[in-house]
Amino acid sequence: MKKVKKLVIGNWKQNPSTHTDASEIFKGIAKKAHTFTNVTTVVCPPFVFIDKLSAGYSGSSIYFGGQDVSFEKSGAHTGEISAAQLYSIGCDYVIIGHSERRAAGERDESVNKKIKIALEHKLTPVVCIGESERDSHGKYLSHLRNQIAKALKGVKEKDVLQVVIAYEPIWAIGKTGKDAITPQKLHETSLFIRRVLLETFSKKVGMSVTILYGGSVKPMNARELLEEGEVSGFLVGGASLDAGQFISILETAHNI
Ligand code: PEP
């Protein structure tokens, strides 16, 4: 049976502190990533390291992504980085609406604008959604539905097909492998997200959009989450800063 290609994205967040360290981590990942042909590997370092890392990388098996993007094209927006700028330094992906950005004030409306501008500039938006807690009445499901509807409002069906949804329950982020979601709950949630996409757009969108899981993915839980969780890959935070751990997750994804 032909294996479906997985997508594994490393989100380095505000790490590491120096370019030398960033380069070391990247080299460690690059040494092996090209052997995992069944996986699309993406790394999202802090903005300041991307240019040098991508310029110094002669391989073609690792893609780069930004961790955020401005919703403005250009102009007087101090501290912002535009989609065109990301594309110009070698990015193909951009994380949008990460829970840590939402906690810092990101709103659904700006997530929506950022998705649109990313698509205009040929960047694949990796749109993060996720509940802060799982209540027993299923309110978190309406929260997810709402986040999807607001994020993708006005995005054309053909463009939605380019979007990657990263389901990242906030309660599972930054913990140990034992605190990640269970494969069964992930499976249910992934099917729910597909249903929302189908109801909002079309059967094609519901069936085809790439859904990732993020939240304490480690070498110890990657296999069961991928085998039983009904997702096409991962958004990895902490473990992506350790080349050995990240490679082990890539290898698992390659073999499934
Ligand atoms: C993240 O913040 O995107 C993330 C998934 O982090 P971690 O893997 O450390 O939980």
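Residues numbered from 1 in each chain as written. Predicted model: local features only at pLDDT ≥ 70, side-chain atom pairs only at ≥ 80, totals over all residues. Heavy atoms only, no water.

Peer 1: For this particular structure, what's the right way to read the packing of aromatic side chains?
Peer 2: Each pair of aromatic rings is reported with the distance of its centres and the angle of its planes. On inspection of all chains with the given rule, the structure shows 5 aromatic pairs. Relative to Y57, the ring of F26 lies with its centre 5.2 Å away and its plane at 90 degrees, an arrangement referred to as edge-to-face. In this pair, F26 is assigned in helix α1 (residues 19-33) and Y57 in the loop between α2 (47-55) and β3 (62-66), connecting sequence segments 31 residues apart. In terms of burial, F26 and Y57 fall into one category: buried. (Phe/Tyr/Trp six-rings, centres within 6.5 Å; stacked < 30°, edge-to-face > 60°. Helix = DSSP H or I, 4+ residues; strand = E, 2+ residues; numbered from the N terminus. Buried < 20%, exposed > 50% of the residue type's maximum accessible area, 1.4 Å probe, protein only.)

Peer 1: What is the right way to read the site of the ligand from this model?
Peer 2: Inspection of the region around the ligand gives 14 residues, with K13, H98, G174, S216 and G237 positioned closest. K13 places a polar side-chain atom, nitrogen or oxygen, 2.5 Å from an oxygen atom of the ligand. Contacts to the ligand include G238, whose backbone N or O atom sits 2.8 Å from an oxygen atom. Relative to its free-state accessible area of 300 Å², the ligand is covered by the protein chains to the extent of 98%. A breakdown of the residues in the shell around the ligand according to their chemical character gives 3 nonpolar, 8 polar and 3 charged. (Near = heavy atom within 4 Å. Polar contact = N/O pair within 3.5 Å; in protein donor to acceptor, adjacent residues only side chain to side chain. Areas by Shrake-Rupley, 256 points an atom, 1.4 Å probe, with all protein chains shown as cover. Nonpolar A, V, L, I, M, F, W, Y, C, P; charged D, E, K, R; others polar.)

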